[in-house]
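Working through the structure, step by step
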Protein chains: 6
Amino acid sequence: MIFITRRETFNAAHRLFRPEWDDEKNLQVFGKCSNPNWHGHNYVLYVTVKGDVDPKTGFLINLKDLSKILNENVVEKLDHKNMNLEVDFMENRMSSTENLAIGIWEQIEKPIRDLGAVLHCVKVYETEKNYVEYFG
Amino acid sequence: MIFITRRETFNAAHRLFRPEWDDEKNLQVFGKCSNPNWHGHNYVLYVTVKGDVDPKTGFLINLKDLSKILNENVVEKLDHKNMNLEVDFMENRMSSTENLAIGIWEQIEKPIRDLGAVLHCVKVYETEKNYVEYFG
Amino acid sequence: MIFITRRETFNAAHRLFRPEWDDEKNLQVFGKCSNPNWHGHNYVLYVTVKGDVDPKTGFLINLKDLSKILNENVVEKLDHKNMNLEVDFMENRMSSTENLAIGIWEQIEKPIRDLGAVLHCVKVYETEKNYVEYFG
Amino acid sequence: MIFITRRETFNAAHRLFRPEWDDEKNLQVFGKCSNPNWHGHNYVLYVTVKGDVDPKTGFLINLKDLSKILNENVVEKLDHKNMNLEVDFMENRMSSTENLAIGIWEQIEKPIRDLGAVLHCVKVYETEKNYVEYFG
Amino acid sequence: MIFITRRETFNAAHRLFRPEWDDEKNLQVFGKCSNPNWHGHNYVLYVTVKGDVDPKTGFLINLKDLSKILNENVVEKLDHKNMNLEVDFMENRMSSTENLAIGIWEQIEKPIRDLGAVLHCVKVYETEKNYVEYFG
Amino acid sequence: MIFITRRETFNAAHRLFRPEWDDEKNLQVFGKCSNPNWHGHNYVLYVTVKGDVDPKTGFLINLKDLSKILNENVVEKLDHKNMNLEVDFMENRMSSTENLAIGIWEQIEKPIRDLGAVLHCVKVYETEKNYVEYFG
């Protein structure tokens, strides 16, 4: 078994807040991330898949196919978008990096399985100082 | 003469569009950056100042003082903010990286001069693939 | 279960040597790291914690709280310090990156548990060419 | 148990193709990587070993010894070489990053064991956008 | 006047040698770079252009247009290619990073001028340890 | 005219303080950098030289020769050393990054001229957040 990882990038606006909490409570829990006028990030995504090497190609998976899955299911839906308002798989979820990683996993797990590989890890950097990893 | 550079980071939401243009024209010129629901970036700022070395301290400028100027005049105004709606020095300006660099220059030129140094360059990365430099 | 990682930095002086060995033996084993006049590094620390996502906040842990733990228990004790002479949790230990990672683990394991999360990994870069990971 | 990782770099030319396939099939599967005139990369290698800390030295392994193993068995054989034509351990193997990671593992597993440590992971970056990990 | 920089990447095989010199002389001058079986690099290109900001768009130049020029005139000609054998603008030139930077300048100076901007600098990284800058 | 840059790294201990000032004054000016027990950094050095391309080699300068100059005159004198106590060209100078850049310039200007090139810039990173540039 071997692991291969692909890096993609996208940027998006978002806001962390709970409508049933007042502004003070939102500010206390989410700090500057609760700004009602939004803020945003350059997200960096690393997707790791695992499986066996095909002796004919030397590939676990063709990276062109993996990149196509990531672009169609993740990057095109998130890039230059508002994560709270425009991303179907983030509806009814706080737009934290944790939930974003879980949402991305759910989007790509089946397409990667259909390619004959197994999704191992979704890793998302929100800033250069923090990232989340989800293993399903 | 010597040059010293300080790196700071902030993130913000923004949108590129002209209200007098229709959506089609905005989309044609600004592409995904015209999204009405905003998007955002992790901006990276490098500020370079120049001057002579003080033989007593070995410093051109005390970096604590430079960092304080950058935080009070730039980072606190931009970090986790909407650049189009909430940043005084970006009012009535397209929120392009070019204008952001010029705006930052105007904010910090005098405070740096008051410290006894000369502002040399404001460099702003919008993404890892593009940055702007302004020399006044 | 999900994993979140925070990056912090500090710099410190240190020296690798054993007092019961002579200089030649110290030099042979530790090379330039045994220099009696010290040397130093910009250390980079990555701390990974694991746990469940709180559906209210979308957070595994509030990063402000994690950062506070890391600053109070690690960064303030090490930053701009001499690791051999001034850091309580490194007393009676060779100041290798391996021991530093173990020492940091011991400092932060309980405070992170008190926050409701589980410490997963302490990763320390001594230089850009080598790092240590400790999982408890 | 603790883990330590060493980073090394090398660059090499290679080509992905199968002689029994015609050019069209090679192009379809391997894309630009099948160019008959070769292309090349700056590879980045991370080797992770695991074991216990020697209380005398504070080391899991002396990094000078690990670096020597990596240079003699990997870097000198690959650096500024043609991976398809000149690297003994890549003979009769597609020169994919997957096979390169496996080949490197086979070269260094025993020398690292002879040093008293256990090889844990070979990680190879082909470009900044993709890397492979092999755990044996 | 303002400066904007775009980053692009490509990889290529090459070799440094002079046919009128024997192998020994080539090896003495060019070291491992003279390997007759080629080697290769992941090149990183930074192109800086200068000009005035258009008050309508806030842009010096539309980065989509600059990126298109770089891809058509540089990346497509070099990426996954052999620089000595397949790149028209490197014919009859040693494939050093110096000559590559000059060659790239000659390819893009006019298209950038046609866009209304002025080419300021071509910067090429051959490895993470060395880069060349050419200002025309 | 063309410019080529070489990157080298070294680490060292140092301290910023003036013996004629008391501890309080040193702390006020130099902050944590005045710690009497030293601290240290992983310094990163970029040296840029300029000149004409030799049509025979395609080189401005042979990077092996430049690297040799940097290692003999800078890296070997500073690496794993105490900058205040053990580095001849830093004697009687505050060990600030500004003075370090000037000191390195003085060490390498003549050897580079003897090679037929002209030293253009010495750039020194003390941490990832600040660097100094000196142009003579």
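What counts and what doesn't
- Numbers given to residues run from 1 along each chain, matching the order in which its sequence is written.
- Lettering of chains starts at A and numbering of ligands starts at 1, both following the order in which they are written.
- A pLDDT threshold of at least 70 governs which residues receive local features in this predicted model, and a stricter bar of 80 or more applies before side-chain atom pairs are shown or counted, although totals over entire chains, interfaces and linings include all residues.
- To obtain the side-chain values, all non-hydrogen atoms of the structure were used and water was disregarded.
- Helix numbers and strand numbers start at the N terminus; a helix is a DSSP run of H or I with at least 4 residues, a strand a run of E with at least 2.
- Each residue is placed in one exposure class: buried if its accessible area under a 1.4 Å probe, protein chains only, is under 20% of its type's maximum, exposed if it is over 50%, and partly exposed if it falls in between.
- Note on contacts: a residue pair is in contact if any heavy atoms of the two residues lie within 4.5 Å.
- Disulfide: a pair of cysteine sulfur atoms within 2.5 Å of each other.
- The convention used is that axes are lines fitted to C-alpha atoms, helices contributing only their stretch in contact, and that angles between N-to-C directions extend from 0 to 180 degrees.
- What makes a crossing left-handed is the near helix being turned counterclockwise from the far one by less than a right angle; a clockwise turn instead makes it right-handed.
- Gly is put with the polar residues, along with every residue not named as nonpolar or charged; the nonpolar set is Ala, Val, Leu, Ile, Met, Phe, Trp, Tyr, Cys and Pro, and the charged set is Asp, Glu, Lys and Arg.
- Fitting axes to the seven residues ending at a residue and to the seven starting there, one defines the bend at that residue as the angle between these axes.
- Contacts described as polar in this section are N or O atom pairs within 3.5 Å, which, within protein, must combine one atom able to donate a hydrogen with one able to accept it, while residues neighboring in sequence count only if both atoms come from side chains.
- Pairing between strands is defined by DSSP: at least two bridges between them are needed.
- For every residue, the predictor reports its confidence as pLDDT, a number between 0 and 100.
- Least-squares fitting of one copy onto the other uses the C-alpha atoms of those residues that reach a pLDDT of at least 70 in both copies.
- Defined in terms of a 1.4 Å probe, buried area is the accessible area two parts forfeit on being brought together, summed over both.
- Salt bridges are defined as contacts in which a side-chain nitrogen from Lys or Arg sits within 4 Å of a carboxyl oxygen from Asp or Glu.

Glancing now at the overall build of chain A. When you go through chain A residue by residue, the secondary structure sums to 4 helices and 5 strands. The secondary structure elements of chain A, listed N-terminal to C-terminal, are β-α-β-α-β-α-α-β-β. The dimensions of chain A, computed from C-alpha atoms along their principal axes, are 60 × 25 × 25 Å. Taking all 136 residues of chain A together, 64% fall into the buried category. A sequence separation of at least 24 residues applies to 66% of the contacts in chain A between residues at least 6 apart.

Taken as a whole, this structure holds 0 disulfides over all chains when the rule is applied. The thiol of C121(F) is not disulfide-bonded; the next cysteine sulfur, from C121(E), is found 13 Å away.

On to the packing of helix α2 (residues 63-78) of chain F against helix α4 (residues 97-114) of chain F. Residues and elements named next belong to chain F. Between α2 and α4, whose axes approach to 10 Å, the crossing angle comes to 145 degrees. Between α2 and α4 lies a crossing whose hand is right-handed. The segment α2 lies against α4, with L66, I69, L70, N73, V74, K77 and L78 engaging L100, I104, Q107, I108, P111 and I112. In the contact of α2 with α4, the residues fall into 10 nonpolar, 2 polar and 1 charged.

So, on to helix α2 (residues 63-78) of chain C. Structural remark: α-helix, 3.6 residues per turn; residues separated by three or four positions point the same way. Residue and element names in this part refer to chain C. At N71, α2 is deflected by roughly 45 degrees, the largest bend along its length. Where α2 is concerned, the buried positions are L63, L66, S67, I69, L70, N73, V74, V75 and L78. Sitting at the amino-terminal end of α2 is N62, which places a side-chain oxygen 3.1 Å from the backbone nitrogen of K64. Phi for H80, located one or two positions after α2, is positive at around 60 degrees.

As a further point, take the pairing of strand β1 (residues 2-14) of chain D. Residue and element names in this part refer to chain D. Counting buried residues in β1 gives 12 out of 13 residues, a clear majority hidden from the surface. With 13 bridges connecting them, β1 and strand β2 (residues 39-51) associate as antiparallel partners. For R6, the partnering residue across the bridge sits in β2 and is V47. In the sheet, β1 pairs with strand β3 (residues 81-82) via 2 bridges, with the strands oriented parallel. Of the residues in β3, the one forming a bridge with A13 is N82.

The next thing to look at is the confidence of the model for chain A. Counting all residues, the mean pLDDT for chain A is 97, and 100% of those residues have values of 70 or more. As scored by the predictor, the complex reaches a pTM of 0.97 and an ipTM of 0.96.

Another aspect to go through is the relation of the copies chain B and chain F. Of the transformation superimposing chain B on chain F, the axial component is 0.0 Å and the angular component is 120 degrees, with the fit at an RMSD of 0.0 Å. Seen this way, the second copy is the image of the first under a three-fold rotation axis.

In this section: the interface of chain A and chain B. At the interface, 23 residues of chain A touch 23 residues of chain B. Interface area, chain A with chain B, both sides summed: about 1800 Å², of which 42% is carbon and sulfur. Scanning the region where chain A abuts chain B turns up 4 salt bridges. When the shortest N-O distance is used, the salt bridge between E128(A) and R7(B) registers 2.8 Å. The tally of links from chain A across to chain B stands at 17 residue pairs in polar contact (both at pLDDT 80 or more). Elements with a minimum of two residues in the side of chain A that touches chain B: β1 (2-14), β2 (39-51), β3 (81-82), α3 (83-86) and β4 (118-127) of chain A.

Separated in space, chain B and chain C share no contact, their closest pair of C-alpha atoms being 14 Å apart. Between chain C and chain E there is no contact; the minimum C-alpha to C-alpha separation amounts to 12 Å.

A word on the relation of the copies chain A and chain B. Overlaying chain A with chain B gives an RMSD of 0.0 Å, the required rotation being 180 degrees about an axis along which the chain moves by 0.0 Å. With respect to symmetry, the two chain copies, as superposed, fit the operation of a two-fold axis. Most of the interface of chain A is mirrored in chain B, where 100% of its interface residues again form contacts.

Quick look at the interface of chain B and chain F now. Taken together, the 21 residues of chain B in the interface contact 20 residues of chain F. For the pair chain B and chain F, the two sides together bury roughly 1700 Å², of which 55% comes from carbon and sulfur. Of all residues in chain B, I2(B), F3(B) and K56(B) give up the largest surface area on contact with chain F, accounting jointly for 28% of the area buried on that side. Counting every contact that joins chain B to chain F gives 1 salt bridge. Between K129(F) and E8(B) there is a salt bridge, with its nearest N and O atoms 3.8 Å apart. Applying the counting criterion to the chain B and chain F interface returns 8 residue pairs in polar contact (both at pLDDT 80 or more). Broken down by secondary-structure element, the contributors of at least two residues to the side of chain B that touches chain F are β1 (2-14), β2 (39-51) and α2 (63-78) of chain B. A total of 7 residues in the side of chain B that touches chain F trace back to one element, the largest contributor, which is β1(B).

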